[in-house]
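# A look at the structure
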Amino acid sequence: MIVSMRLHATKEEVDAVRRRIEEFGYKVHSIEGEERVVIGAVGIGDVTQCLESLEAMPGVEKAVRISAPYKFVSREFRPAKTEIRVRGVTFGGEEFIVMAGPCSVEGERQILEAAEIVAREGAKFLRGGAFKPRTSPYDFQGLALEGLKLLDKARQATGLGIITEVMSDGDVEMVAEYADILQIGARNMQNFALLKALGKCRRPVLLKRGMSSTIKELLMSAEYIVAHGNPQVMLCERGIRTFETATRNTCDLAAIAALDELTHLPLILDPSHATGKRSLVPAVARAGVAIGADGLLVEVHPAPEKAMSDGAQSLDPKQFAAMMRDLQPYIELWKAQRARRLAAQAM
Ligand code: PEP
Ligand code: MN
């Protein structure tokens, strides 16, 4: 059950609702937003009676039963798509947003060049890992704080927003100081200590699907972040592990459509990790636009042959420019479709 309090409901009203929920035998879980308090009631009790009683209380806007195990992130809870505004750009709204850049921040020249390339072609965010989750402990692990500082430099030089990965709960505060969006990698999708720490953080989060995770598990992980206080979450399909070896991962495109039914959170496709091969990236990116993702996360490197990680799937500057050009007619269709949908929603 979720109880949405009216805008600016008083503390006394909120406390009374909490007490009533507890009287019915539920555990209370509340999210105190800047304008509105939302209270979740979790457990077993007499739902119908409890809902009726809550709806009649002062300060309550609506009380609804949510059948999905993920509550706050479900479409049942919020039928309209969540919009996340970062640096003047809105995810989940009328814009299709491209985030691009190298897999890792490798040095000042590389990241500044990459930033200029992706900004020129219309990307709104620069990606680049300063903390890298690598399969081998002997591989490049990222420049850590120095990498974050270089990303900041690239932001100042180009005006791009910054998205970068945070790997542990202890690093959230530091990474949030430099990043506009915190990326949670596939390997950390179920790092629950990290998810809880992100709940306390004020930055938007891009949560990547674990490589062997179901859609439901992805949504439950998003629920952790939202239930701990941060509603600004977007989800990213980046391919899952299957028996197929022709691609690095199997791009579960249908996950975007399925997620769009189940959740109101913005949805991003990463065609780079989903394929592992730069020749496949533009086609899968087009498919991502067509299926209704809200944006893309794409690996681009000034010289992919020299990349310290994921060179094989990184586009070179020319390929990125071609991809962006070829995406344009798809993005035009996307915009028309999105405008129709937003209009229908407003009715
Ligand atoms: C990345 O974006 O560079 C990355 C490590 O991705 P994933 O977590 O999806 O493997
Ligand atoms: Mn990568």
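Cut-offs applied
Residues numbered from 1 in each chain as written. Chains lettered and ligands numbered in written order. Predicted model: local features only at pLDDT ≥ 70, side-chain atom pairs only at ≥ 80, totals over all residues. Heavy atoms only, no water. Helix = DSSP H or I, 4+ residues; strand = E, 2+ residues; numbered from the N terminus. Buried < 20%, exposed > 50% of the residue type's maximum accessible area, 1.4 Å probe, protein only. Phe/Tyr/Trp six-rings, centres within 6.5 Å; stacked < 30°, edge-to-face > 60°. Domains from an automatic or database assignment. 1 Å grid on protein atoms, 1.4 Å probe; cavity = no way out; pocket = protein on both sides within 12 Å on 5 of 7 lines; lining within 4 Å. Points joined across faces, edges and corners; volume = space filled by probe spheres on them. Nonpolar A, V, L, I, M, F, W, Y, C, P; charged D, E, K, R; others polar. Near = heavy atom within 4 Å. Polar contact = N/O pair within 3.5 Å; in protein donor to acceptor, adjacent residues only side chain to side chain. Areas by Shrake-Rupley, 256 points an atom, 1.4 Å probe, with all protein chains shown as cover. Sits in = over half its atoms within 2 Å of the grid points. Pairing = 2+ DSSP bridges. Axes fitted to C-alpha atoms, helices over the stretch in contact; angles between N-to-C directions.

### Concerning the environment of Val47
Within the secondary structure, Val47 sits in helix 2 (residues 47-55). Residue classification places Val47 among the buried positions, given a relative accessible area of 16%. It is 8.6 Å that separates the C-alpha atoms of Val47 and Phe24, two residues lying 23 residues apart in sequence.

### Some details on the packing of aromatic side chains
Enumeration over the complete set of coordinates arrives at 4 aromatic pairs. When the centroid spacing of 5.6 Å and the interplanar angle of 85° are considered together, the rings of Phe72 and Phe77 count as edge-to-face. Residue classification places Phe72 among the buried positions, given a relative accessible area of 5%. Seen from their ring centres, Phe91 and Phe125 are 5.5 Å apart, and the 45° between their planes marks the pair as tilted. With Phe91 in strand 6 (residues 89-91) and Phe125 in strand 8 (residues 125-127), this pair connects stretches of sequence that are 34 residues apart. Owing to a relative accessible area of 0%, Phe91 belongs among the buried residues under this scheme.

### Some words on the domain arrangement of the protein chain
Taken domain by domain, the protein chain holds domain 1 (2-64) and domain 2 (84-346). Distance from the C-alpha centre of domain 1 to the C-alpha centre of domain 2: 35 Å.

### Re the layout of surface pockets
Computed from the structure, the second largest pocket encloses a volume of approximately 340 Å³. Taken together, 21 residues line the second largest pocket, and the ones lying closest to its centre are Pro133, Arg187, Arg248, His273 and Asp310. The residue inventory of the lining of the second largest pocket, partitioned by class, reads 4 nonpolar, 6 polar and 11 charged.

### Observations regarding the site of ligand 1
Ligand 1 sits among Cys103, Arg127, Lys132, Glu165, Gln183, Gly185, Ala186, Arg187, Lys208, Arg238, His273 and Glu299. A distance of 2.8 Å separates an oxygen atom of ligand 1 from a polar atom in the side chain of Arg127. Isolated, ligand 1 exposes 300 Å² of accessible area, and the fraction of that covered by the protein chains is 97%. Using a 2 Å cut-off from the grid points, one finds that ligand 1 occupies the second largest pocket. A breakdown of the residues in the shell around ligand 1 according to their chemical character gives 2 nonpolar, 3 polar and 7 charged.

### What about the sheet that holds strand 1 (residues 2-5)?
Across the sheet, 4 strands lie side by side as 2-3-1-4; this open sheet has antiparallel pairing. Here the strands that pair on one side only, and so sit at the sheet edges, are strand 2 (27-32) and strand 4 (60-64). Taking each pair of neighbouring strands and ignoring which way they run, the sheet shows an average axis angle of 15°. Of the pairings in the sheet, the one linking strand 1 to strand 3 (residues 37-42) comprises 3 bridges and is antiparallel in character. Within the sheet, the bridge partner assigned to Val3 lies in strand 3 and is Ile39.

### Some thoughts on empty space enclosed by the protein
Considering all chains together, one arrives at 1 cavity of 30 Å³ or more under this definition. Here the largest cavity is characterised by a volume of approximately 40 Å³. It is strand 9 (residues 161-165) that provides the largest number of residues to the lining of the largest cavity, a total of 3 residues. For the lining of the largest cavity, the residue count by class is 2 nonpolar, 4 polar and 3 charged.

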